[in-house]
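Tertiary structure, described
Listed below, chain by chain, are the residues.
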Amino acid sequence: MTETLSIVIFLGTLFVLLGTGVWVGAALLGTAILGMALFTSAPIGDSMAVTIWGEQSSWTLTALPLFIWMGEILFRTKLSETLFRGLAPFMRRLPGGLLHVNIGASAIFAAISGSSAATVATVGKMSIPELTERKYPDRMIIGTLSGAGTLGLLIPPSISMIVFGVTVNESIAKLFMAAMIPGICLALLFMLYVAGWSIVNKGRIPKADDLIGENKLKRLIDLLPVLLLIGFVIGSIYAGFATATEAAALGVVGSLLLSLAQRSLSWDSFIQSVLGAVRTTAMIMLILMGSGFLSLAMGFTGIPKALAEGISDWQLSPIMLIVILTVFYILLGCFLDGLSSIVLTMAVIEPMVRAAGFDILWFGVYLMIVVEMAQITPPIGFNLFVLQGMTGKDMAFISRASLPMFGVMCVFIVILVLVPELATWLPEVLSK
Amino acid sequence: MTALRNALDKVYIAGAWLSGILLILLCALVIWSILARVLGVFAGGATDVAGYVMATSTFMALSYTFRSQGHIRVALLIQNLMGKTRRIFELWCLGVLSAISVYLAWYMARLALDSWEFEERSEGADAIFLWIPQTPVAVGSALFALAVVHTFLEAVFDYDSVDPNKREDEGPNEI
């Protein structure tokens, strides 16, 4: 009975601290301190310091600040223009026309940036004014952007994938391998939807005849530095030449060279990129400190073990479990940002998922998609906020515009469950 | 009060600059370890040192990030509160954070002190004394605690200067 009471106090504290607006990292630390006091006689402060020190100074985690910095540098380049101009002549003839540029540019930018907000902002900077001027329907411009922006967290490199890998102790390189094919498939599925929509709604997609005379070869050459950078970063990981951290450092150098070549690198933008990077890093690290110590405390409470055993006792089918988890994460996304929902739940859910026999690489890919689905649904959805800032439309309109993409992602989850090899095949082949 | 505030804000920003320099150093270290491998030179404990540099960089930026509203919180409930109610919630949040950040700073300092006392060395190839990287981390967490307590006191005595309803910071850089 006292055990149950302790658990109620423990979880209650977590909800109260988070709900009343205490900063997420501190809320997790506070709950963990209380949990240690309730469930162990171990020295609390000292175990906290050792846990935090061990995690915060680990080699695996060094990939995180470097990939964040790389994104900050690229965000300040003329990449949005290059991507739009480079892709538009090729997408012109597809049903759906230049809407595909949103998806294609997002997929390409996602392969050099680990952030979905940055993906939306970078691609949208150029394509929102261009497509609006060409009289594309607003709803489709916004929908494709917010949907395809989610590729930022799926297609490697991905910040939340690194956070997930560190939290569950899985190789980040392998996670990056697992996410590539699903990322490309999801992009293709988005494009399929756009093509289908424009065939049904004939006449609502304007023609882009002014692009007919474009020299495709020249556009392709403009895109070359970006494609090289992708090959450099992702390729070096896949070829086994570099670890995730090393690829990130190479990526930083590559993006500095790229922005130098574009003449968009000034002393000022360099300083801004560094300060932006340490700010984002500190924000993520505070949450990681909290979640790292909370996982330790959570282990002592016995909640993860009980849940994992419960799952095997209830004889839940894996499909049922995935349905429950999907609904759970989308609901959680109504209160928490994506990163916090990943780190907060993994301490409890990881043992359960392993007990249910899921491949953890596959689960990582799945988790990125559901967390992103939560990010394009109101009331809290960061991609929606970014688009609101960029278009000035109200939240209700943007959410409605994103809804079909949410549907596409649901369909993709079903595909991923039916064909798990989409995620597991590449890591197996490349690790040989 | 204002003079003290401005002086402290400069300290937090200096922390962010130091953090930025360490980020650049981290990148250079990783590049060096790659080069060393390609050239066949022994890079020693470059990977361990990279971890220490990252930890210091992170802790040095915590206070600046906090002062520029860069840390994430759940805004669902508090964003709709105005005036006095909001103030009570802010005081509660800042109070909790003050307690936790001071607790954190205290134990990070103790960690460094223990490592110094027992002459603990890193288990990696570098085998350096652990108190060397742990001391700047403790300093960074102390700076964070200072920034939080500073903000808490401002909220108690001069709420207008920290009223989130009136501030125009850029907010957290979500990913």
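Placed above this text is the structure.
Predicted, not measured: the structure shown is a model, and the values here were computed from it. (Residues numbered from 1 in each chain as written. Chains lettered and ligands numbered in written order. Predicted model: local features only at pLDDT ≥ 70, side-chain atom pairs only at ≥ 80, totals over all residues. Heavy atoms only, no water.)

**Concerning empty space enclosed by the protein**
- Summed over all chains, the structure comprises four cavities of 30 Å³ or more.
- Computed from the structure, the largest cavity encloses a volume of approximately 90 Å³.
- In terms of lining, the largest cavity is formed by 13 residues, of which the most central are Asp337, Gly338 and Leu339 of chain A together with Glu174 and Ile175 of chain B.
- Where the lining of the largest cavity is concerned, the elements lending two or more residues are helix 17 (338-355) and helix 18 (360-375) of chain A.
- A per-element tally of the lining of the largest cavity places helix 18 of chain A first, with three residues.
- When its residues are assigned to classes, the lining of the largest cavity shows seven nonpolar, three polar and three charged.
- Taken as a whole, the second largest cavity spans an internal volume of roughly 50 Å³.
- Lining the second largest cavity are Ile73, Arg76, Thr77, Leu256, Ser259, Ser264, Leu265, Ser269, Phe270 and Ser273 of chain A.
- Counting only elements with at least two residues in the lining of the second largest cavity, the list comes to helix 13 (244-261) and helix 14 (267-301) of chain A.
- It is helix 14 of chain A that contributes the most residues to the lining of the second largest cavity, three residues altogether.
- In terms of residue class, the lining of the second largest cavity is built from four nonpolar, five polar and one charged. (1 Å grid on protein atoms, 1.4 Å probe; cavity = no way out; pocket = protein on both sides within 12 Å on 5 of 7 lines; lining within 4 Å. Points joined across faces, edges and corners; volume = space filled by probe spheres on them. Helix = DSSP H or I, 4+ residues; strand = E, 2+ residues; numbered from the N terminus. Nonpolar A, V, L, I, M, F, W, Y, C, P; charged D, E, K, R; others polar.)

**A few points about the interface of chain A and chain B**
- Chain A puts 70 residues into the contact, and the matching count from chain B is 62 residues.
- When chain A packs against chain B, close to 5,500 Å² is buried across both sides, 77% of that on carbon and sulfur atoms.
- When residues of chain A are sorted by the area they lose upon contact with chain B, Trp23, Trp53 and Arg279 of chain A head the list and together hold 19% of the total.
- Linking chain A to chain B there are two salt bridges.
- Where Glu246 of chain A meets Arg37 of chain B, a salt bridge forms, and the shortest distance between an N and an O atom there is 3.1 Å.
- At the boundary of chain A and chain B, one finds eight residue pairs in polar contact (both at pLDDT 80 or more). (Contact = heavy atoms within 4.5 Å. Buried area = accessible area lost by both parts, 1.4 Å probe. Salt bridge = Lys/Arg side-chain N within 4 Å of Asp/Glu carboxyl O. Polar contact = N/O pair within 3.5 Å; in protein donor to acceptor, adjacent residues only side chain to side chain.)

**Some thoughts on unusual backbone geometry**
- Going from Pro156 of chain A to Pro157 of chain A, the amide bond is cis rather than trans, its omega being -5 degrees.
- Note on placement: Pro157 of chain A falls in the loop between helix 9 (151-154) and helix 10 (159-168).
- Despite not being glycine, Arg263 of chain A shows a phi value in the positive range, around 60 degrees.
- Checked against the element boundaries, Arg263 of chain A lands in the loop between helix 13 and helix 14.
- The backbone phi angle of Gln69 of chain B is positive, close to 60 degrees, even though this residue is not glycine.

**Side note on the side chain of Gln134 of chain B**
- Within the fold, Gln134 of chain B resides in helix 4 (residues 131-157).
- Excluding residues that lie within four positions of it along the chain, Gln134 of chain B makes contacts with Trp53 of chain A together with Leu111, Ala112 and Ser115 of chain B.

**Notes on helix 10 of chain A**
Residue and element names in this part refer to chain A.
- Counting buried residues in helix 10 gives nine out of 10 residues, a clear majority hidden from the surface.
- Taken residue by residue, helix 10 has Ile159, Ser160, Met161, Ile162, Val163, Phe164, Gly165, Val166 and Val168 as its buried positions.
- N-capping of helix 10 is provided by Ser158, with a side-chain oxygen placed 3.5 Å from the backbone N of Ser160.
- Just downstream of helix 10, Asn169 is the residue with a positive phi angle, here 60 degrees. (Buried < 20%, exposed > 50% of the residue type's maximum accessible area, 1.4 Å probe, protein only.)

Function cannot be inferred from these measures alone, as they are strictly geometric.
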